[in-house]
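What the coordinates show
Here's the letter readout for the chains.
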Amino acid sequence: MTSDLPSRLAVLDHIYTVYGEFTDELDLACERRCADCCTRNVSLTTLEGYRMAGQIISAGQTSLMDRLQDEANRPRFQTKVTINELAELCVRGEEPPEEESDPSWGACPFLENDECPSYLDRPFGCRCMVSTRSCAETGYAEMSPFVVTVNTVFMQYIEHVDAIGYTGNLTDVLRFMMPEENRQAYRNRTLTEPPLGMVQNRPVRALMIPPKHRSRIKPILEALQKVHI
């Protein structure tokens, strides 16, 4: 079976590039060793997890995976619905299930001296935590409604590219993606049900863009659509 994984990884890299160009134009307070947003509650897709795990394996950073194993029993955010499923619920006027998330559950297990050893390969859930004020001052990432819309659309696109895969907490996805047999099953599309702690991804049915943002976001959508699988 020929895998389309290389093309989907190329699309993911393109999405990251487009988002980087967007944030380069923002006036942000984010800087080196600004790590208040680096909690254990980050979610990502299996496509991002495959990419990130591959880089960790190539770099021989086995100690990072040891940390995930050591902290696997600690509380963390575990999603019940993906962003595209949430969009479908909104279209139908249905309420999403409640999801528990608490920053006090602690920092990301990868964090070292307020820096991320996998920063260049971080998932979108980390990349989109941008703020116009220091999170240490406010206790949260402060961003405009338009940035929230852009972040939501990017998450929808990333999930769409990995519609055959799953979404889960960084700890769960990376622990699953480290063994070669699981990576092979993902490449061959032989995973038949969501691994423990993950939920099935969905294709985009409706983009969550408020009417007031549709004109402004159009150039970003055009940039995203330049690369197709």
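That block above? That's the structure.
Quantities reported herein were computed from a predicted structural model and do not represent experimental measurements.

Quick notes on the rules
Residues numbered from 1 in each chain as written. Predicted model: local features only at pLDDT ≥ 70, side-chain atom pairs only at ≥ 80, totals over all residues. Heavy atoms only, no water. Helix = DSSP H or I, 4+ residues; strand = E, 2+ residues; numbered from the N terminus. Rg over C-alpha atoms; globule rule 2.2 N^0.38 Å. Buried < 20%, exposed > 50% of the residue type's maximum accessible area, 1.4 Å probe, protein only. Areas by Shrake-Rupley, 256 points an atom, 1.4 Å probe, with all protein chains shown as cover. Lys, Arg positive; Asp, Glu negative; His and termini not counted. Charge placed at Lys NZ, Arg CZ, Asp CG, Glu CD. Phe/Tyr/Trp six-rings, centres within 6.5 Å; stacked < 30°, edge-to-face > 60°. Lys NZ or Arg CZ within 6 Å of the ring centre and 35° of its normal.

A tally of regular secondary structure across the chain gives 10 helices and three strands. Listed by position from the N terminus, the elements making up the chain come as α-β-α-α-α-α-α-α-β-α-α-β-α. Expected size for 229 residues packed as a compact globule is a radius of gyration near 17 Å; at 17 Å, the chain falls within 12% of this value. When its C-alpha atoms are laid out on the principal axes, the chain stretches across 45 × 45 × 35 Å. By residue count, 45% of the 229 residues in the chain fall in the buried class. For the chain, the exposed surface amounts to about 12100 Å²; the carbon and sulfur share of it is 49%. On the chain, the mean spot of the 24 positive side-chain charges and the mean spot of the 33 negative ones are 4 Å from each other.

Tallied over the entire structure, the rule returns six aromatic pairs. Ring plane angle 35° and centroid distance 5.7 Å describe the contact between Y50 and Y186, whose orientation is recorded as tilted. Note that Y50 is positioned in helix α2 (residues 46-58) and Y186 in helix α9 (residues 180-187), a separation of 136 residues in sequence. The exposure class assigned to Y50 is buried, which follows from its relative accessible area of 9%. Members of the aromatic cluster, connected to one another through ring pairs, are Y19, F22, F124, F146 and F154. One Lys or Arg, R127, reaches over the ring of Y16 and ends 3.8 Å from the middle of that ring.

Further remarks concern the environment of C90. For C90, the location among the structural elements is in helix α4 (residues 83-92). A sequence separation of 116 residues divides C90 from A206, and the C-alpha atoms of the two residues are 9.5 Å apart.

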